[in-house]
Amino acid sequence: MRIGKVYLVGAGPGDSELITVKGMEVIKKAEVILYDRLVNPKLLDYANADCELIYCGKLPTRHFMKQEEINRTLLEKALAGFTVVRLKGGDPSVFGRVGEEAEVLAEQNVAYEIVPGITSGIAAPLYAGIPVTHRDYAGSFAMVTAHDKSKNGKPDIDWEGLARGVQTIAFYMGVSNLEHICENLILHGKAPDTPVIVIRWGTWSRQESVVGTLSSIVEKVREGNIENPAITLVGDIVATREKIKWFEKKPLFGQQLLYVRGCAEEECFAHEYVDQGADVIEFPKWEINEGSLDVKVRKKLTVYKRMLFMSTEAATNFFKLLKKYKIDIRQLQARLFCKQLSTIKLLEDKGFLAGLADEIDSEGSLLIIGSNDHCEKKWKLDYKYGEHDYAGVYQASIDKRYEPIIRRSIEDASISAILFSTSDSVHTFMKQATHYGVSIQSLASTTDFICLSKQAWLTATNYGLQPKMQDENNKLSVGDYSQKSTELIVSSKTY
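Fair warning: this is a prediction, and the values are worked out from it, not measured in the lab.

## Re the overall build of the protein
- Assigned secondary structure in the protein consists of 17 helices and 23 strands.
- Projected onto the principal axes, the alpha-carbon positions of the protein cover approximately 85 × 60 × 45 Å.
- Among the 495 residues that make up the protein, the fraction classed as buried is 53%.
- When contacts within the protein are restricted to residue pairs at least 6 apart in sequence, long-range pairs at least 24 apart make up 69% of them.
- Of the roughly 23600 Å² of accessible surface on the protein, 50% is carried by carbon and sulfur atoms.
- Put simply, the protein has 61 plus and 65 minus side-chain charges, and the middle of one group is 4 Å from the middle of the other.

## Details of the sheet that holds strand β11 (residues 256-260)
- Across the sheet, 5 strands lie side by side as β12-β11-β19-β20-β21; this open sheet has parallel pairing. Edge positions in the sheet fall to β12 (279-283) and β21 (468-469), since each of these pairs with one other strand and no more.
- Bridge count for strand β20 (residues 448-451) against β21 is 2 bridges, and the pairing is parallel. Within β21, the residue paired with I450 across the bridge is K468.
- Contacts from helix α14 (residues 403-412) reach β11 and β12 within the one sheet, and its direction differs from that of β12 by about 145 degrees.

## Let's talk about the pattern of salt bridges
- The full count for this structure, using the stated rule, is 30 salt bridges.
- Note that E248 is salt-bridged to R241, the shortest N-O span being 3.0 Å.
- Note on R241: relative accessible area 8%, which makes it buried.
- Residue K300 pairs with D389 through a salt bridge whose shortest N-O separation is 2.7 Å. Of this pair, K300 sits in helix α10 (residues 295-300) while D389 sits in strand β18 (residues 389-398), placing them 89 residues apart in sequence.
- Using a relative accessible area of 34% as the deciding quantity, one classes K300 as partly exposed.
- The exposure class of D389 is partly exposed, given its relative accessible area of 24%.
- In this structure, a network of salt bridges that share partners links the residues D36, R86, K88 and E101.

## Describing the packing of aromatic side chains
- Evaluated as defined, the whole model comprises 18 aromatic pairs.
- The ring of Y402 has K285 lying over it, and the distance from NZ or CZ to the ring centre is 5.7 Å.
- The ring of Y55 carries the charged tip of R408 above its face, separated from the ring centre by 3.4 Å.

## Topic: the environment of N40
- On the secondary structure map, N40 appears in the loop between β2 (32-35) and β3 (52-55).
- Residue contacts for N40: discarding those within four places in its chain leaves G14, D15, S16 and W204.
- Engagement of the side chain of N40 in a polar contact is seen with the backbone nitrogen of K42, the distance being 2.9 Å.

## Examining the nonpolar core
- Ranked by internal contacts, the top residues of the largest apolar core, which has 72 residues, are I33, L87, L301, M307, F318, F420 and F429.
- Of all the elements, helix α11 (residues 312-324) adds the most residues to this core, at 6 residues.
- Excluding residues within four positions of it along the chain, I33 makes contact with I27, L44, A47, C51, E52, L53, I54, V85 and L87.
- Listed in part, the 24 residues of the second largest apolar core include V166, F171, I217 and V221.

## Examining helix α3 (residues 98-107)
- Every buried residue of α3 is listed here: V98, E101, A102, V104 and L105. For α3, the arc enclosing every buried residue in end-on projection is 160 degrees, short of the 170-degree limit, so these residues lie on one face. Of the exposed residues in α3, the ones pointing more than 90 degrees away from its buried face are E103 and E107.
- Residues of α3 that are buried sit in contact with β1 (5-10), α2 (67-79), β4 (83-88) and β5 (111-115).
- Positioned one or two residues after α3, N109 has a phi angle of 60 degrees, which is positive.

## A word on the sheet that holds strand β15 (residues 335-338)
- Read from one edge to the other, the open sheet built from 6 strands follows the order β13-β18-β17-β14-β15-β16, with strand pairing classed as mixed. Sheet topology places β13 (286-290) and β16 (354-356) at the edges, where each strand pairs with a single neighbour. On average, each strand axis in the sheet is tilted by 25 degrees relative to the strand beside it, whichever way the strands run.
- Across 3 bridges, the pairing between β15 and β16 is parallel. Bridging from a neighbouring strand, L336 pairs with A354 of β16.

## Describing the packing of helix α15 (residues 423-432) against helix α17 (residues 454-462)
- Where α15 meets α17, the closest approach of the two axes is 7 Å, and the angle between their N-to-C directions is 35 degrees. Taking contact as the criterion, the partners of S423, V426 and H427 in α15 are, on α17, Q455, A456, T459 and A460.
- Classifying every residue of the contact of α15 with α17 gives 3 nonpolar, 4 polar and no charged.

## Digging into the environment of N184
- Mapped onto the elements of the fold, N184 is located in helix α6 (residues 178-187).
- You can call N184 buried: its relative accessible area is 13%.
- Put simply, N184 and R408 are 224 residues apart on the chain and 36 Å apart in space, counted from C-alpha to C-alpha.

About the criteria used
Residues numbered from 1 in each chain as written. Predicted model: local features only at pLDDT ≥ 70, side-chain atom pairs only at ≥ 80, totals over all residues. Heavy atoms only, no water. Helix = DSSP H or I, 4+ residues; strand = E, 2+ residues; numbered from the N terminus. Buried < 20%, exposed > 50% of the residue type's maximum accessible area, 1.4 Å probe, protein only. Contact = heavy atoms within 4.5 Å. Areas by Shrake-Rupley, 256 points an atom, 1.4 Å probe, with all protein chains shown as cover. Lys, Arg positive; Asp, Glu negative; His and termini not counted. Charge placed at Lys NZ, Arg CZ, Asp CG, Glu CD. Pairing = 2+ DSSP bridges. Axes fitted to C-alpha atoms, helices over the stretch in contact; angles between N-to-C directions. Salt bridge = Lys/Arg side-chain N within 4 Å of Asp/Glu carboxyl O. Phe/Tyr/Trp six-rings, centres within 6.5 Å; stacked < 30°, edge-to-face > 60°. Lys NZ or Arg CZ within 6 Å of the ring centre and 35° of its normal. Polar contact = N/O pair within 3.5 Å; in protein donor to acceptor, adjacent residues only side chain to side chain. Core = buried A, V, L, I, M, F, W, Y, C linked by side-chain atoms within 4.5 Å. Arc of directions from axis to C-beta. Nonpolar A, V, L, I, M, F, W, Y, C, P; charged D, E, K, R; others polar.

In structure tokens form, the structure reads like this:
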């Protein structure tokens with residue numbers, strides 16, 4: 001049996017778009033992924049549908065997998081012939097214990113590669129508006145662990161050299177030892193009024209920052225109830241924050257949204273809210289499996305004058321099935337229409353022109369292509385499009401691998417709004433919420449239920465959720481229950 005290979009990959013600090021190109025490519029070919037708590041779950045979307053996902057996160061109070069178990073699992077999976085990715089928050093070589101894992105693999109002659117990532121000690125300050133070096137403030141920078149293997153858990157470092165020799169210092173996970181850090185920096189030469197910032201959940205929309213000095217920051221952190229994960233940055237460079245902070249100015253900064261999809265055919269616009277600065281948890285995740293083309297449909301493919309794709313997945317799987325059944329695409333004579341703009345783009349990339357479903361005419365036989373368990377019932381399709389044939393080219397179901405991932409994401413977040421685009425999304429939420437550890441009653445007092453269509457609003461109202469509706473300008477005020485109100489700019493697309 002062949003021995004597999006292990007990739008030790010830095011996932012970046014939280015913003016999923018900070019993954020490197022090589023890191024992304026490795027995720028796409030992984031057969032097993034072991035991922036940490038600080039890895040953005042969005043990155044797992046790029047894994048294959050049959051990839052095994054193993055959580056090995058660590059909390060201050062408990063570890064889901066101890067380091068010895070992680071090492072053993074990496075070896076077992078690689079020796080069984082799998083391509084394994086160890087996905088680690090930030091950069092794997094910066095307090096990520098990659099050296100220990102690489103040594104274990106090397107001892108057993110298991111091939112491995114180390115893929116660097118963006119470290120939180122640089123990224124978190126930048127997202128808070130602070131470069132770690134600046135010609136006017138700092139020409140030196142150090143990264144320091146705020147906890148180590150010493151008996152009392154206090155960092156055992158050259159405090160005098162650090163205090164006198166480095167202008168900007170980033171302490172990793174230093175909240176519990178913050179008082180010890182400040183006392184020693186002052187004791188060994190740093191001025192008590194040296195600026196300090198503590199950044200929690202850096203690069204996430206939930207990012208929180210507390211600014212003070214070496215003499216005041218401990219009390220301010222206590223008052224703000226700031227906990228790890230956090231970066232503590234010490235130095236005059238902190239003064240640049242008010243001039244160049246940018247991330248916190250995004251319209252949805254601070255908003256943590258639960259985006260509900262009622263079925264796989266519903267187009268997902270979560271990326272639009274992420275671009276505006278929000279953290280978005282997609283609920284639930286849908287798994288796509290290839291379906292088939294009925295014999296009767298296959299025989300009539302050259303006869304249809306119109307084809308309507310209900311989703312991007314429908315188009316993707318339809319062309320896969322043409323290849324599977326050895327059907328020459330040049331035989332198709334139909335005009336193509338799509339429910340979603342993303343499907344039109346996909347078809348254009350394949351060399352086909354297509355229109356939106358609203359533009360469909362009534363001339364000629366029609367084939368509607370979607371999932372086996374399509375969202376719209378047959379009578380609705382009959383009413384909208386008249387006589388037609390239907391091809392279910394893929395099977396969609398809730399991806400069970402993501403259930404624990406979504407639960408943990410919800411536990412870590414403070415959900416400010418839940419978004420519903422269709423009636424099905426409301427029904428799905430009401431059926432699945434308890435299973436994912438979501439208490440609808442407790443959310444009602446702190447969370448906005450936002451509907452992006454009239455149908456969703458009516459369904460949510462019938463459930464007694466007291467939903468809000470977007471206005472004619474596609475904006476809706478979202479109450480943020482941590483002293484902030486923002487305008488949620490919802491998609492202008494129709495549902």
